[in-house]
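Geometric and topological summary
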Amino acid sequence: MPTTNAERREAAKRKLEEQLARREARARRNRLLAVIGSVVAVIALVGAAVYVFVLDRDDAESDTTAQSETPDTQLAGPTPLPAGGPGQLPAFNPPPDLGADCQYPAAATPASKEVNPPRTGKVPTDPEWVSVSMSTNQGNLGLWLDNGKAPCTVNSFVSLAQQGYFDDTTCHRLTATPALSVLQCGDPTGTGAGGPGYQFGNEYPTNQYPQGDPALQEPVTYPRGALAMAHSAGQHNNGSQFFLVYQDSQLPPDYTVFGVIDETGLETLDKIAAAGIAGNAMDGAPAEEVRVTSILMD
């Protein structure tokens with residue numbers, strides 16, 4: 001223990017110095033901790049920013065991927081046929097009774113092949129497009145049936161296809177005139193006179209004109225790729241025969257357009273047309289037989 005005043009003063013001085021040293025050490029430690037804390041905070045902020053950036057980028061890439069994939073997985077159908085211009089098929093304005101009462105009364109000629117008529121009454125117009133594959137000995141023809149414009153016609157065509165009505169039948173007619181370039185199919189007799197034993201009325205484009213309109217007698221362009229119903233004189237005797245247009249053709253608008261031929265189908269049609277018509281005619285049986293194997297829903 002200090003015994004003199006000098007010793008007590010010296011002890012007090014050392015104690016004060018020790019306190020000051022400890023205080024300075026604490027201050028240095030606190031400053032160091034503050035710096036470390038700041039650095040950690042900055043690193044955390046940078047890390048968070050990087051995470052958000054990566055997450056946003058991944059989300060953006062996912063969105064981009066989804067956007068690029070969506071059209072492929074949600075295809076609604078083919079590109080519609082040109083319509084609405086001068087000399088073209090008319091623009092489609094849905095009639096209020098579209099598909100509301102599809103009727104298939106008996107035809108004068110009995111069915112060329114045993115088959116049941118399709119269901120009658122109201123039929124759906126959704127989905128707008130129905131995809132089918134028409135297989136032939138000359139190649140496949142992909143078809144898109146336009147259920148949104150011609151539901152009664154599509155209803156009949158699908159019914160016949162599902163019953164195998166078109167199986168093992170020939171496409172009996174090929175034309176190559178300046179005004180008409182089509183392949184006609186759908187007659188089990190192969191003569192152009194056969195049918196399913198029932199008949200039904202026209203839809204698009206006929207229903208875009210007032211009844212009795214003189215424009216119904218004026219030709220319009222049925223464009224390459226159109227799928228339409230064939231019939232004899234009159235607008236209410238459609239049956240099973242249909243034609244596929246491989247070059248723009250001129251016809252009055254009283255032949256129901258009920259679908260579109262895809263690119264593969266057009267290639268097959270071009271091949272059939274290139275083989276020519278029997279006897280080098282402009283209208284007649286294909287020079288190389290075209291036999292339908294099946295028409296199936298995709």
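These lines cover the structure that appears in this document, whether it is placed above or below. Quantities reported herein were computed from a predicted structural model and do not represent experimental measurements.

Our focus in this paragraph is the nonpolar core. In terms of nonpolar packing, the biggest core is built from 38 residues, with Phe242 and Leu244 touching the most fellow members. Within the second largest apolar cluster, 20 residues are counted, among which are Trp129, Leu216, Ala228 and Ala230.

To continue, consider the state of the cysteines. If you walk through the whole model with that rule in mind, you get 2 disulfides. Across the disulfide from Cys102 sits Cys152; the S-S distance is 2.0 Å. What sets the handedness of the Cys102 and Cys152 disulfide is the S-S torsion sign, and at about -80 degrees it is left-handed. Here Cys102, found in the loop between helix 1 (5-73) and strand 1 (129-136), pairs with Cys152, found in helix 2 (residues 151-162); they are 50 residues apart in sequence, far enough to count as distant. Look at Cys102 and you get buried, because its relative accessible area is 1%. Residue Cys152 is classed as buried on the basis of its relative accessible area, which comes to 12%. For the chain, numbering the cysteines in disulfides from first to last along the sequence yields the connectivity 1-2, 3-4.

Below, the discussion takes up the environment of Ile277. Note that Ile277 resides in the loop between helix 3 (263-274) and strand 11 (283-284). Here the alpha-carbon distance between Ile277 and Ala176, two residues 101 residues apart in the chain, equals 8.2 Å.

The 10 strands lie next to each other as 3-12-1-2-10-7-8-5-4-11, forming an open sheet whose pairing is antiparallel. Unpaired on one side and paired on the other, strand 3 (169-170) and strand 11 mark the two borders of the sheet. Sheet analysis places strand 2 (residues 139-146) next to strand 10 (residues 257-261), joined by 3 bridges and oriented antiparallel. Pairing of Leu143 across the sheet is with Ile261, part of strand 10. Strands strand 2, strand 7 (226-229), strand 8 (242-245), strand 10 and strand 12 (291-297) of the sheet are contacted by helix 2, whose axis makes an angle of about 115 degrees with strand 12. Across the face of the sheet, helix 3 comes into contact with strand 2, strand 4 (173-175), strand 5 (182-185), strand 8 and strand 10 while running at roughly 125 degrees to strand 2.

Another aspect to go through is unusual backbone geometry. Cis geometry is adopted by the peptide bond preceding Pro127, which originates at Asp126 and carries an omega value of 10 degrees. Residue position: Pro127 is located in the loop between helix 1 and strand 1. Between Tyr204 and Pro205 the backbone carries a cis peptide bond, its omega angle lying at 5 degrees. By the element assignment, Pro205 lies in the loop between strand 5 and strand 6 (220-222).

Cut-off values and rules
Residues numbered from 1 in each chain as written. Predicted model: local features only at pLDDT ≥ 70, side-chain atom pairs only at ≥ 80, totals over all residues. Heavy atoms only, no water. Core = buried A, V, L, I, M, F, W, Y, C linked by side-chain atoms within 4.5 Å. Buried < 20%, exposed > 50% of the residue type's maximum accessible area, 1.4 Å probe, protein only. Disulfide = S-S within 2.5 Å. Helix = DSSP H or I, 4+ residues; strand = E, 2+ residues; numbered from the N terminus. Pairing = 2+ DSSP bridges. Contact = heavy atoms within 4.5 Å. Axes fitted to C-alpha atoms, helices over the stretch in contact; angles between N-to-C directions.

What is shown is where atoms sit, not what they do.
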